[in-house]
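# Notes for the structure review
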Amino acid sequence: MSDDIQALVIFHPPGTPNDTHYHEHDEWWVVVRGEIDWHIEGQAEPIHARAGDFVLCPKLRNHHLEPVGSEVSVRIATNTRGEYHRYDRPGCRAEPWRMDATA
């Protein structure tokens, strides 16, 4: 988008949570399709977002998300160019969360 900001379109199937991480800059998303639960450090409950919703995660907060429902979710993620997942704080996990029906 610019020298400072990047945007990514992400397709993410339900039942496949991502890793817990943080960023040194704010990150925000717009849900285009489907439903997603965001788990953000400091929030008592997950933020449940549907198509058309906007979600903001302030910098330095651990977070992960989980698409829910029955269809592949689509979101536009926007953050600082070159800002990737960081794992060097307590509570982060580089491997994705696994949803195991037998657990």
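Below is a short write-up of the structure. (Residues numbered from 1 in each chain as written. Predicted model: local features only at pLDDT ≥ 70, side-chain atom pairs only at ≥ 80, totals over all residues. Heavy atoms only, no water.)

Here strand 5 (residues 54-57) shows a buried face lined by V55 and C57 and an unburied face lined by F54 and L56. Inspection of the sheet shows strand 2 (residues 27-33) paired to strand 5 by 4 bridges, in the antiparallel sense. Each bridged residue has a counterpart across the sheet, and for W29 the counterpart in strand 5 is V55. (Buried < 20%, exposed > 50% of the residue type's maximum accessible area, 1.4 Å probe, protein only. Helix = DSSP H or I, 4+ residues; strand = E, 2+ residues; numbered from the N terminus. Pairing = 2+ DSSP bridges.)

As a further point, take the environment of I47. Along the chain, I47 falls in strand 4 (residues 47-50). Here I47 falls in the partly exposed class, since its relative accessible area comes to 26%. As for I47 and L65, which are separated by 18 residues in sequence, their C-alpha atoms are 9.2 Å apart. With sequence-adjacent residues up to four places away left out, I47 is seen in contact with I36, D37, W38, I40 and V55. (Contact = heavy atoms within 4.5 Å.)

In the Ramachandran plot, L60 falls in the positive-phi region, its phi being about 70° despite a non-glycine side chain. Tracing the backbone shows L60 in the loop between strand 5 and strand 6 (63-68).

It is worth spelling out the packing of aromatic side chains at this point. Tallied over the entire structure, the rule returns 1 aromatic pair. Ring centres of W29 and W38 lie 5.0 Å apart, and the angle between their planes is 40°; on these two criteria the pair is classed as tilted. (Phe/Tyr/Trp six-rings, centres within 6.5 Å; stacked < 30°, edge-to-face > 60°.)

Turning next to the pattern of salt bridges. For the structure shown, the criterion picks out 2 salt bridges. A salt bridge links R50 to E35, with the shortest nitrogen-to-oxygen separation between them at 3.9 Å. With R50 in strand 4 and E35 in strand 3 (residues 35-40), this pair connects stretches of sequence that are 15 residues apart. Given a relative accessible area of 28%, E35 falls into the partly exposed group. (Salt bridge = Lys/Arg side-chain N within 4 Å of Asp/Glu carboxyl O.)

Here we take up the sheet that holds strand 5. Spatially, 4 strands are ordered 1-7-2-5 in an open sheet, and the strand pairing comes out antiparallel. Of all the strands in the sheet, just strand 1 (5-12) and strand 5 have a single pairing partner and so form its edges. Between one strand axis and the next, the sheet turns by 20° as a mean value, whatever way the strands run. (Axes fitted to C-alpha atoms, helices over the stretch in contact; angles between N-to-C directions.)

A few words now on a nonpolar patch on the surface. A surface patch of nonpolar side chains, amounting to about 640 Å² of accessible area, comprises V9, F11, V30, V32, F54, L56 and I76. Listing elements by their share of the nonpolar patch, those giving two or more residues are strand 1, strand 2 and strand 5. Structurally, L56 is set in strand 5. (Patch = residues over 30% accessible without salt bridge, like charges linked within 9 Å, V, L, I, M, F, W, Y side chains within 5 Å. Areas by Shrake-Rupley, 256 points an atom, 1.4 Å probe, with all protein chains shown as cover.)

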